[in-house]
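Notes for the structure review
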Amino acid sequence: MCGRYATTTNPGRLAAELDAIDETDTTDQGAFTNYNVAPTTQILTVVERHDPGRKDDDPKRRIRRMRWGLIPVWTKAAEPGVPVKGKPLFNARADKAATTPSFRDAVKYRRCLVPMDGWYEWVVEPNAEPGAKGKVVKHPYYMANADGSRLYMAGLWSVWRDRSQPESEPLLSCTVLTTDAVGDLIRIHDRMPLPMPQEHWDAWLDPDHPAPATLLETPSEETVAGIVPRPVPALVNSVRNNGPELLARVQDQEPSGQISLL
């Protein structure tokens with residue numbers, strides 16, 4: 001799964017690197033530097049869309065901010081402009097998304113990339129302290145490219161509108177696709193976000209055609225060979241903590257067990 005991650009890029013830099021249009025409408029380029037991104041946060045995504053009214057022109061790559069936690073288009077409003085609250089759909093299983101009502105429309109024509117520096121997972125083990133029977137200890141790990149390069153994960157997105165308020169602003173939201181963990185990452189967790197290599201970006205982001213089903217398959221070990229897990233401070237356990245100290249390596253500990261959350 002992927003329920004927390006870190007990102008130190010900003011929309012301007014990302015747009016320049018990807019030859020994309022920055023549609024984030026923010027003057028604070030540091031607003032998206034976040035070492036402890038959690039669901040419902042506004043995050044950066046990469047999409048390809050046509051200009052309004054220019055369906056025949058080539059689509060353009062765009063940087064957009066979206067709520068992390070997809071809101072299906074059919075979601076009812078709790079109050080004007082506000083969708084009914086529920087558990088954020090921040091992850092979607094890649095092998096089931098095409099047939100899941102909340103995600104199947106997005107799989108066809110609303111796919112995105114979610115840039116991140118790395119993501120966190122927790123290894124859960126029994127607490128060995130005296131008198132701690134039945135209790136567990138959570139050891140956080142950070143998964144990132146060893147060379148420090150940015151990761152791009154496959155995502156889906158949605159445009160939600162309050163049907164009772166036709167003039168209200170649309171709400172963009174997204175989810176990160178997950179798949180079976182492979183390679184060394186298995187020892188940390190049995191799930192991981194689905195990486196999308198650059199050679200597949202055009203097909204994945206294509207707004208006019210469904211993506212090849214092969215792009216939703218579990219990646220090869222070679223694809224994730226550069227991703228290295230390392231133990232990090234328990235500070236990341238609280239979303240109130242946010243800074244580069246969350247990424248500091250702590251004394252290595254070999255995980256002996258794990259749990260599956262999605």
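Residues numbered from 1 in each chain as written. Predicted model: local features only at pLDDT ≥ 70, side-chain atom pairs only at ≥ 80, totals over all residues. Heavy atoms only, no water.

In the annotation of an unreviewed UniProt entry, the protein chain is listed under the name Abasic site processing protein and assigned to Nocardia amamiensis. Under the UniProt heading Sequence similarities (unreviewed entry), the note attached to the protein chain is "Belongs to the SOS response-associated peptidase family." (UniProt positions renumbered as here; feature names shortened; annotations may be inferred.)

Here the focus is the nonpolar core. Residues Tyr-5, Trp-68, Met-116, Trp-119, Trp-157 and Leu-185 are the most contacted members of the largest nonpolar core, which totals 29 residues. For this core, the elements supplying multiple residues, two or more each, are strand S4 (42–49), strand S5 (60–68), strand S9 (111–116), strand S10 (118–126), strand S11 (136–145), strand S12 (151–160) and strand S13 (171–180). Listed in part, the 28 residues of the second largest apolar core include Leu-14, Ala-20, Phe-103 and Ala-106. (Core = buried A, V, L, I, M, F, W, Y, C linked by side-chain atoms within 4.5 Å. Buried < 20%, exposed > 50% of the residue type's maximum accessible area, 1.4 Å probe, protein only. Helix = DSSP H or I, 4+ residues; strand = E, 2+ residues; numbered from the N terminus.)

Turning our attention to the pairing of S10. Counting buried positions along S10 gives eight out of nine residues, so the element sits mostly inside the fold. Direction of pairing for strand S1 (residues 5–7) relative to S10: antiparallel, over a ladder of two bridges. Across the sheet, residue Tyr-5 finds its bridge partner in S10, namely Trp-119. As judged from the nine bridges shared by S10 and S11, these two strands associate in the antiparallel manner. What sits directly across from Glu-121, in S11, is Tyr-141. (Pairing = 2+ DSSP bridges.)

A few words now on the sheet that holds strand S15 (residues 227–231). Taken together, the five strands give an open sheet; going across it, the order is S3-S1-S10-S11-S15, and neighbouring strands pair in antiparallel fashion. One side of each edge strand has no neighbouring strand; the edge strands of this open sheet are strand S3 (34–37) and S15. Between one strand axis and the next, the sheet turns through 30° on average, direction left out of account. By the bridge criterion, two bridges tie S1 to S3 in an arrangement that is antiparallel. Among the inter-strand pairings, Tyr-5 is bridged to a residue of S3, identified as Val-37. (Axes fitted to C-alpha atoms, helices over the stretch in contact; angles between N-to-C directions.)

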